[in-house]
Amino acid sequence: MSTEAKILVVDDEERIRRLLKMYLERENYEVDDAENGEKALDKALSVDYDLIVLDLMMPGMDGIEVCEQIRKQKATPIMMLTAKGEEANRVQGFEAGTDDYIVKPFSPREVVLRVKALLRRSSSTAFLQTETNAKDVLVFQHLTIDNDAHRVTADDQHISLTPKEYELLHYLASAPDKVFAREQLLKDVWNYEFFGDLRTVDTHVKRLREKLNKVSPEAGNLITTVWGVGYKFEALK
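Presented here is an overview of the structure given in this document. What you see is a predicted model, and the numbers here were worked out from it, not measured in a lab. (Residues numbered from 1 in each chain as written. Predicted model: local features only at pLDDT ≥ 70, side-chain atom pairs only at ≥ 80, totals over all residues. Heavy atoms only, no water.)

1. A look at the pairing of strand β1 (residues 6-10)
Consecutive residues of a regular strand have side chains that alternate between opposite faces of the sheet.
Okay, step 1: By the criterion of burial, β1 is predominantly enclosed, with 4 of the 5 residues buried.
Okay, step 2: Examined bridge by bridge, β1 and strand β2 (residues 30-34) share 5 bridges and lie parallel to one another. Residue pairing across strands places V9 opposite D33, the latter belonging to β2.
Okay, step 3: Following the chain from β1 across helix α1 (residues 14-26) to the adjacent parallel β2, one finds a crossover that is right-handed. (Buried < 20%, exposed > 50% of the residue type's maximum accessible area, 1.4 Å probe, protein only. Helix = DSSP H or I, 4+ residues; strand = E, 2+ residues; numbered from the N terminus. Pairing = 2+ DSSP bridges. Right-handed = clockwise from strand over helix to strand, strands pointing away.)

2. Side note on the sheet that holds strand β10 (residues 180-181)
Okay, step 1: Taken in spatial order, the 3 strands of this open sheet run β10-β12-β11, and their pairing is antiparallel. Across the chains shown, the open sheet's two edge strands, defined by having one partner strand only, are β10 and β11 (223-226).
Okay, step 2: In this sheet, strand β12 (residues 230-233) lies alongside β10 in antiparallel orientation, the contact comprising 2 bridges. By the bridge assignment, F180 is partnered in β12 with Y231.
Okay, step 3: Contacts from helix α8 (residues 199-215) reach β11 and β12, with the element oriented near 145° to β11. (Contact = heavy atoms within 4.5 Å. Axes fitted to C-alpha atoms, helices over the stretch in contact; angles between N-to-C directions.)

3. A short note on unusual backbone geometry
Okay, step 1: The step from K104 to P105 runs through a cis peptide bond, and the omega angle for that step is -5°.
Okay, step 2: Along the chain, P105 falls in the loop between β5 (100-104) and α5 (108-121).
Okay, step 3: With phi around 70°, N28 is a residue other than glycine that occupies positive phi space.

4. Description of the sheet that holds strand β8 (residues 151-154)
Okay, step 1: An order of β6-β7-β8-β9 is seen for the 4 strands of this open sheet, with the pairing classed as antiparallel. In this open sheet, the two strands that pair with only one neighbour each are β6 (137-140) and β9 (157-159). Shown here is a sheet whose adjacent strand axes are inclined to one another by a mean of 20°, direction ignored.
Okay, step 2: Bridge count for β8 against β9 is 3 bridges, and the pairing is antiparallel. The residue bridging V152 from the neighbouring strand is I159, located in β9.
Okay, step 3: The strands touched by helix α6 (residues 163-173) within the sheet are β6, β7 (143-146) and β8, with β7 carrying the most contacts at an inclination of about 110°.
Okay, step 4: Lying over the sheet, α8 contacts β7, β8 and β9, oriented at roughly 165° with respect to β9.

Laid out in structure tokens, this is it:
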């Protein structure tokens, strides 16, 4: 039987790495591990993992820095492990490009469920999707979003997005010309209800525009800023 996906588990505690590896391998995932940020970054950039489970607080290079460095080169889905009381750090994690987080102490079964959910949302695991007759596709001038395959193309060129970048784009594009406040985007896209740092949204919009602009400036211009309010997807007339 072939493995479903390749996962990297990063934590400075051997007990946690061993526990997560055991539970994930039971689900037929291929699991690699690293005990610090430096080794994690080296592996993450040299191997194409389908998902990375990354501890936030580690000696030396912490999870935030690892995430930031990975995001400069790859869109690999990242799930951050955080301890209770680290809400400010979780915000930093989202700004750095984390797609999901789970709080310690955690249930290994919950981690497995969250990993499965994140892989389903990931463009890098579109091969796990079953074929469907009813196509869920949003088509605009210069931009196409295939929600069945979690694939985005701008002027017929593929755009590599993180799961959270993809969710943000799909959410905005599903309601063209509707203005969304940053608070609403944070709540609906990140499922994060708190009066926190809205830079998480701004950072992701900036990253999303940059990726689209590299391929098609017209596609990048589809996401517009409504000053003092938030953002909207402006479908070309």
